[in-house]
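Overview (structure and organization)
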There are 2 protein chains.
Amino acid sequence: MFVLVISGSDVSKIPGVSIAGLNPEVIPYTAPADADLLLWGKPHVIDAIPVDPQGHPTPAIITHAACCEAGFPILIVRSGTYLPPVVPYIEMNVEPGQDPQTNQAVSKVELLVEKSKSLGQILGKSSKKIVIAESLPGGTTTAYLILKALGYNGMVSSASPVNPVKLKEQIWENSAQRIGIKPGGLSGDPMKAIRELGDPMQATVFGMVTGVLEETDIILAGGTQMLAVAALLRHAGYNKPLLVATTTYVIRDKFAHFLDLARQISVEIYSAPLDFSQSPYPGLSDYEKGYVKEGVGAGGAIWYAEQLGVTPDRVIRKTEQLYHAMIKKN
Amino acid sequence: MFVLVISGSDVSKIPGVSIAGLNPEVIPYTAPADADLLLWGKPHVIDAIPVDPQGHPTPAIITHAACCEAGFPILIVRSGTYLPPVVPYIEMNVEPGQDPQTNQAVSKVELLVEKSKSLGQILGKSSKKIVIAESLPGGTTTAYLILKALGYNGMVSSASPVNPVKLKEQIWENSAQRIGIKPGGLSGDPMKAIRELGDPMQATVFGMVTGVLEETDIILAGGTQMLAVAALLRHAGYNKPLLVATTTYVIRDKFAHFLDLARQISVEIYSAPLDFSQSPYPGLSDYEKGYVKEGVGAGGAIWYAEQLGVTPDRVIRKTEQLYHAMIKKN
């Protein structure tokens, strides 16, 4: 089963944090639109495919391509988006995360984790593998806050070639000051880290993983956002093997320290061999320049498709087809 | 996978229709409380186990017992309840059904069926068997309207020893008059039947079944409410085998024509051999007198437990234990 956790956080509204932030009215639609695209082939909550300011399409197009070719089932979990998708989804009934510089980030985090644990237990009983992905604008920033608070030394990735590193560091400074901690100050209290500095997606995936039975494999589909979730799990005593499936673009990101962080957190890595270098479409070939890179479980979807006998090449070709149809329509 | 579709309809507010109706403030909580009970062992949306006016506990206690013993996964689908449960659930984003005597019953029925079909497709990909149950006060009445409109001749069951048959017949007369049809007048248009006379649960289960792939077995867990859904499917051209799993109490109900309707609709039947005759608790032994009878997939849960090697006797004993604990607590 492929589970996409869609979420929201006021961190996405901080100028410069999220690529979606350059067009703030679009932010509430991004994650729900990704959900619609995965299940129904195109957004219904809004009549447009989510793109970054330069027009690069959401990585949901890759995940959708993988699903078209490999046929795996996808469930959507809504954990604090500003708007719901049109497609059916599991409702966790939480608010979007708040800006940790000024407020507690995730309220009622214990109940959310409890519900998520239940959900993980239910899904784990009927699936041998669960790939868990996310769509959350601003999520690499909250990931950075978590990693810093737990004591990790490394920078997260981002969805553009130029990572707003200084801004993320400043947001850390302000947030850490609000709650009075230094780096590593919450290494013994992952729940408090989520509550004060995190986002609802982290609480949800964290909870789901703890609820899943031994016999089911968990694959965290994402880049540094999923490393942050893995770190929270490790600090909560979760010792089982964890696989983080991401894309080659994240591994290659010079601004980030993905491999080092992964080693520190003790997770295995899968790097999806995406290659759009031959694409006639700048929207896709720009992924090679560091635009977008990952998201909506693109890397995990490639992993899952491979398990089902579908090569990355087939997914890449399908992505091109879908993108061509998308541009032609517009 | 066991799926409980919780729903709501203004039909439940018609005096005399639903056993829950004698205490109208309770109606909005009944189905969500059943969902909480199944997943978390007790209601959280309200601090009380749903009981009928004489104090008989919700049949969710039987379903819960079956799940405790057999360990099957349960998903909740919220399709038009007045309130959400506290546990996680799949949100279909529809209003409760309206009273067909005065209004169109289910608005935007095509979209609901479409979403439900998607959901069926997703769940069907990851489960070899799907048991679909319902919790909907007033649902035997809307079931009656559907069966009548499709041309079936027989009375539905009810949750008390005395079935308000005349009232259900009057509701049919008034509703049929509103839309200008005679019995059988919508036999060729099941979607219109749901839209004008039905409830959101019917649309949801109908949609889910049509979305499920060939290889997955569907078990409709319920009494005459599920016969109505089966009838809608038949009239929409659904020819695959259908199993309706109910309880012996429904089969034995002298006011209803379960067996004849099942034969007319061409469904197979499973009759869960429940037996509370030896129970020291009137709350349970009264099931033998025709109180409650079925609901929340009690019959289907017994069927599912049997598939997993758990005898009906074990479920009955577990139900007694749970009920004992419940009374002791109060």
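Look up: the structure comes first, before these words.
So, here is what we can say about the structure in this document.

Moving on, we come to the relation of the copies chain B and chain A. Mapping between the two copies of the chain is achieved by a rotation about an axis and a shift along the axis. Its rotation angle being 180 degrees, the transformation that places chain B on chain A also includes 0.0 Å of axial translation and leaves an RMSD of 0.0 Å. Such a combination of turn and shift is consistent with a two-fold rotation axis. The C-alpha atom lying nearest the rotation axis in chain B is that of I90(B); the distance is 2.0 Å. Interface residue correspondence from chain B to chain A reaches 100%, placing this contact among same-surface, isologous pairings.

Before going further, it helps to spend a moment on the side chain of T58(A). Along the chain, the position of T58(A) falls in the loop between α1 (27–40) and α2 (60–70). If we skip the residues at most four places from it in the chain, T58(A) touches D34(A), L37(A), I49(A), P50(A), Y287(A) and V296(A).

How big an interface is tends to be reported as the loss of accessible area on association of its parts. Of the residues lining the interface, 25 residues belong to chain B; the matching set on chain A comes to 25 residues. Of all residues in chain B, W40(B), P88(B) and I122(B) bury the most surface against chain A, accounting for 24% of the area lost on that side. Linking chain B with chain A are 0 salt bridges, by the criterion used here. Listing elements by their share of the side of chain B that touches chain A, those giving two or more residues are α1 (27–40), β2 (74–79), β3 (89–91) and α3 (109–126) of chain B. With 8 residues, α3(B) is the largest single contributor of residues to the side of chain B that touches chain A. Where strand β3 (residues 89–91) of chain A and β3(B) come together, 3 bridges link them in antiparallel fashion. Its bridge partner being in β3(B), Y89(A) is matched across the sheet by E91(B).

Okay, the packing of helix α4 (residues 139–150) of chain B against helix α5 (residues 165–179) of chain B next. Residues and elements named next belong to chain B. Where α4 contacts α5, the axes come no closer than 10 Å and their chain directions differ by 55 degrees. Between α4 and α5, the interaxial angle falls into the category oblique. For the pair α4 and α5, the crossing hand works out as right-handed. Residue-level inspection shows T140, T141, Y144, L145, K148 and A149 of α4 in contact with α5, the latter providing K168, E169, I171, W172 and S175. Split by residue class, the contact of α4 with α5 holds 5 nonpolar, 3 polar and 3 charged.

Okay, the packing of aromatic side chains next. All names here are of chain A. Counted by the stated rule, this structure contains 12 aromatic pairs over all chains. Look at F2 and F72: their rings are 5.4 Å apart centre to centre, the planes differ by 20 degrees, and that puts the pair in the stacked class. A residue pair is termed long-range when its members are at least 10 positions apart, and F2 in strand β1 (residues 2–7) and F72 in the loop between α2 and β2 (74–79) qualify at 70 residues. Here the two residues F2 and F72 agree in accessibility, since each one is buried. Site record: aromatic cluster; members linked through ring pairs are F2, F72, W303 and Y304.

Turning our eyes to something else, we now look at the layout of surface pockets. Of the voids in this model, the second largest pocket is the one considered here, and its volume is about 760 Å³. Within the residue set of the lining of the second largest pocket, elements represented by two or more residues are α1, β4 (129–135), α4 and α8 (224–235) of chain B.

What counts as what
- Residues numbered from 1 in each chain as written.
- Chains lettered and ligands numbered in written order.
- Predicted model: local features only at pLDDT ≥ 70, side-chain atom pairs only at ≥ 80, totals over all residues.
- Heavy atoms only, no water.
- Least-squares fit on C-alpha atoms with pLDDT ≥ 70 in both.
- Contact = heavy atoms within 4.5 Å.
- Helix = DSSP H or I, 4+ residues; strand = E, 2+ residues; numbered from the N terminus.
- Buried area = accessible area lost by both parts, 1.4 Å probe.
- Salt bridge = Lys/Arg side-chain N within 4 Å of Asp/Glu carboxyl O.
- Pairing = 2+ DSSP bridges.
- Axes fitted to C-alpha atoms, helices over the stretch in contact; angles between N-to-C directions.
- Parallel < 35°, antiparallel > 145°, perpendicular 65-115°, else oblique.
- Left-handed = near helix turned anticlockwise from the far one by under 90°.
- Nonpolar A, V, L, I, M, F, W, Y, C, P; charged D, E, K, R; others polar.
- Phe/Tyr/Trp six-rings, centres within 6.5 Å; stacked < 30°, edge-to-face > 60°.
- Buried < 20%, exposed > 50% of the residue type's maximum accessible area, 1.4 Å probe, protein only.
- 1 Å grid on protein atoms, 1.4 Å probe; cavity = no way out; pocket = protein on both sides within 12 Å on 5 of 7 lines; lining within 4 Å.
- Points joined across faces, edges and corners; volume = space filled by probe spheres on them.

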